[in-house]
Each structure stands twice: as structure tokens, then as C-alpha cells.
Amino acid sequence: MDPDFGYSRRLDVDFTHLIDQCVDKAKVDESEQKAAEFSKKFDEEFGARQEAQAESQKKDEKIKELEEKIQALESQVNPITLQNTYILPARTFF
């Protein structure tokens, strides 16, 4: 038996659902890749921020320590200055 080539009825297949699934999968993959990149970037920035805060805290402690040393030196210098200060009598030029 020969095939009937005269039968011209088209086979209608709806591929839109399959195409939509492929597009959605591509969008999900792209979103997951972006999320991974953002997560990595966030971790790097967060680590850098923590390091900067730690460094700032160290510098603040150093500043406080140096200010205390300055105050200690000033308190040692002030009594010596007062002991060496002479009050000169007022001169009159008449």
C-alpha cells in the first residue's frame, strides 16, 4: 500500500509551552548567576568594611592613648613652668 501524499492536513503542534519553559529556565539560570555574583561582591565588600572598621577602631584607640600621653606630659610640664616663672616688679619710667 502506498502512502497517501494527497492528504494535506497539517499537523498542528503547539510548542509555545515548551518554548516558554526554555525561556523561563534561561531567565532562572541568568538570575541565579547574577545572584551568585552579587553574593560574592557583597561578601567582599562586607569583609572590606569589617577590616576598615577594625582599622578605624585601632586608630581611635591609638589617638586616645596619645591624648592621654599628651595630658600626662602637660601635667608634668605645667608645675615646672610655674616653679620657674618669675614675677618681675613693675618698672616705672618717670
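No experiment lies behind these values; they were computed from the predicted model shown. (Residues numbered from 1 in each chain as written. Predicted model: local features only at pLDDT ≥ 70, side-chain atom pairs only at ≥ 80, totals over all residues. Heavy atoms only, no water.)

Asks: Explanation requested: the overall build of the protein chain in the structure shown.
Replies: When helices and strands are tallied, the protein chain shows 1 helix and 0 strands. With 94 residues in all, the protein chain has 0% of them scored as buried. (Helix = DSSP H or I, 4+ residues; strand = E, 2+ residues; numbered from the N terminus. Buried < 20%, exposed > 50% of the residue type's maximum accessible area, 1.4 Å probe, protein only.)

Asks: So what exactly am I meant to see when it comes to a nonpolar patch on the surface here?
Replies: A grouping of Val13, Phe15, Leu18, Ile19 and Val23 is seen on the molecular surface, where their side chains present a nonpolar patch of about 450 Å² in accessible area. Here Val23 shows up in helix α1 (residues 16-84). (Patch = residues over 30% accessible without salt bridge, like charges linked within 9 Å, V, L, I, M, F, W, Y side chains within 5 Å. Areas by Shrake-Rupley, 256 points an atom, 1.4 Å probe, with all protein chains shown as cover. Salt bridge = Lys/Arg side-chain N within 4 Å of Asp/Glu carboxyl O.)

Asks: How do you make sense of the packing of aromatic side chains when you look at a structure like this?
Replies: Here the structure, examined in full by the defined rule, presents 1 aromatic pair. Centre to centre, the rings of Phe42 and Phe46 are 5.8 Å apart; their planes meet at 20°, and the pair counts as stacked. You can see Phe42 and its partner Phe46 sitting in helix α1, 4 residues apart, about one turn around the helix. (Phe/Tyr/Trp six-rings, centres within 6.5 Å; stacked < 30°, edge-to-face > 60°.)

Asks: Looking at this structure, I do not really get the pattern of salt bridges. What am I missing?
Replies: Side chains that differ in charge, positive against negative, can pair when their charged atoms come close. Using the criterion set out here, one finds 4 salt bridges in the structure. The residue Glu30 makes a salt bridge to Lys34 at a minimum N-O spacing of 3.6 Å. Here Glu30 pairs with Lys34, and both are found in helix α1, just 4 residues apart, close to one helical turn. The exposure class assigned to Lys34 is partly exposed, which follows from its relative accessible area of 43%.

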